[in-house]
Amino acid sequence: MIAAFEGWNDAGSAASAALLHIAEAWETTEVHRLDPDTFHDFQVSRPMIGRDDLGRRVLTWPSTTVSVATSPRLGRRVVLVQGVEPSMRWRDFCHQLLDVAEDLGVGTVVCLGALLADVPHTRPIPVQTSSDDRRVQALLDVDESDYEGPTGITGVLTHLAADRDLHALTVWAAVPHYVAQPPSPKATLAILSALDELLGEPAPVGDLQEEAKAWQDGVDELASDDPEVAEYVQQLEEAKDTAELPEASGEAIAREFEKYLRRRDPGRGPA
């Protein structure tokens with residue numbers, strides 16, 4: 001199960017956009033929808049009014065849907081959870097999702113998130129994959145999270161999933177806080193790249209690479225018009241480059257080359 005929620009966990013809408021890319025690229029079938037009246041304060045998450053494809057005015061309520069997709073290369077069944085972070089009854093909300101997950105035979109729950117951070121838009125977007133499950137840590141060579149503090153629905157869902165003895169992990173992208181407004185295609189692309197390794201096949205990126213470049217070029221142009229912003233970005237670049245030297249190990253190069261080959265040949269499996 002891969003889940004993403006709009007709201008507090010979704011800086012720049014990067015996480016929800018990543019899940020939407022998967023849902024649109026893979027054939028999906030909706031199997032469950034949670035009742036919005038039970039979990040949402042509509043003064044916080046307001047319904048939206050607009051027109052459908054036939055020009056009729058329609059009212060759309062904030063909701064959480066569960067869909068089943070089939071990955072194109074491995075034919076693996078993947079459950080997708082798309083929604084808005086609920087306003088209330090979080091435990092009941094998560095238990096309902098996990099009940100559906102168990103009915104569908106889910107063994108692993110992956111929550112996607114994005115947070116605002118002091119990172120430069122000119123460098124690769126940092127992505128952290130973590131799990132408190134020692135089995136997942138050993139299998140995927142990931143660390144446990146060292147975060148302590150307020151959490152969102154992703155933190156609650158993974159915690160309750162672990163209580164049910166499901167494998168649980170999170171994938172978080174860091175979005176430059178000075179360009180927090182959505183969309184954030186470079187962060188979305190980074191999340192999908194991380195999922196690429198978890199799923200063992202190329203995650204669908206569509207036009208995201210071109211959109212990410214256009215986004216970075218646009219931020220570059222805005223920064224060039226404001227000396228204070230340009231200076232701040234330079235400080236972030238220097239701090240980033242000092243703290244983390246570029247990864248250029250043989251293992252890292254081989255991993256990136258394997259991802260390149262898989263994108264050229266969707267039928268190619270992991271080496």
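The rules we used
- Residues numbered from 1 in each chain as written.
- Predicted model: local features only at pLDDT ≥ 70, side-chain atom pairs only at ≥ 80, totals over all residues.
- Heavy atoms only, no water.
- Helix = DSSP H or I, 4+ residues; strand = E, 2+ residues; numbered from the N terminus.
- Buried < 20%, exposed > 50% of the residue type's maximum accessible area, 1.4 Å probe, protein only.
- Contact = heavy atoms within 4.5 Å.
- Areas by Shrake-Rupley, 256 points an atom, 1.4 Å probe, with all protein chains shown as cover.
- Pairing = 2+ DSSP bridges.
- Axes fitted to C-alpha atoms, helices over the stretch in contact; angles between N-to-C directions.
- Phe/Tyr/Trp six-rings, centres within 6.5 Å; stacked < 30°, edge-to-face > 60°.

## So, the overall build of the protein
Thought 1: From N to C terminus, the protein includes 9 helices and 9 strands.
Thought 2: Within the protein, buried positions represent 42% of all 271 residues.
Thought 3: For the protein, contacts bridging at least 24 residues in sequence account for 76% of all contacts bridging at least 6.
Thought 4: Accessible surface computed for the protein: about 15,000 Å², of which carbon and sulfur atoms make up 51%.

## Some remarks on the pairing of strand β6 (residues 77-84)
Thought 1: Burial analysis of β6 places 6 of its 8 residues in the buried class, the great majority of the element.
Thought 2: Of the strand pairs in this sheet, strand β1 (residues 2-6) and β6 are connected by 5 bridges, and their pairing is parallel. Paired with F5 across the strands is G83, a residue of β6.
Thought 3: In the sheet, strand β5 (residues 64-70) pairs with β6 via 6 bridges, with the strands oriented antiparallel. By the bridge assignment for β6, V66 is matched with V81.
Thought 4: In this antiparallel pair of consecutive strands, β5 and β6, the connection spans 6 residues, and G75 shows a positive phi of 70°.

## Considerations on the sheet that holds β5
Thought 1: Taken in spatial order, the 7 strands make up an open sheet running β2-β5-β6-β1-β7-β9-β8, and their pairing is mixed. The open sheet has two edge strands, β2 (28-34) and β8 (127-130), and neither has a second partner. Strand after strand, the sheet turns through a mean of 20° between neighbouring axes, direction not considered.
Thought 2: For β2 and β5, the ladder comprises 6 bridges, and the chain directions are antiparallel. Within the sheet, the bridge partner assigned to T29 lies in β5 and is V68.
Thought 3: In the packing of helix α6 (residues 185-199) onto the sheet, the strands contacted are β1, β7 (108-117), β8 and β9 (167-176), and the crossing angle to β9 comes to about 155°.

## Notes on the packing of aromatic side chains
Thought 1: Under the definition given, this model contains 4 aromatic pairs.
Thought 2: Look at F39 and F93: their rings are 5.3 Å apart centre to centre, the planes differ by 80°, and that puts the pair in the edge-to-face class. Taken together, the residues span a long stretch of sequence, with F39 in helix α2 (residues 36-39) and F93 in helix α3 (residues 90-103) at a distance of 54 residues. Here F39 matches F93 in class, with each residue buried.
Thought 3: Each ring, one from Y178 and one from Y232, has its centre 6.0 Å from the other, and the planes form 85°; the classification is edge-to-face.

## As for the pairing of β7
If a strand is regular, its side chains alternate between the two faces of the sheet.
Thought 1: Where burial is concerned, most of β7 is hidden: 7 out of the 10 residues are buried.
Thought 2: With 2 bridges connecting them, β1 and β7 associate as parallel partners. Note on β7: the bridge partner recorded for I2 is V110.
Thought 3: In this sheet, β9 lies alongside β7 in parallel orientation, the contact comprising 10 bridges. What sits directly across from A114, in β9, is A173.

These figures come from the coordinates and say nothing about function on their own.
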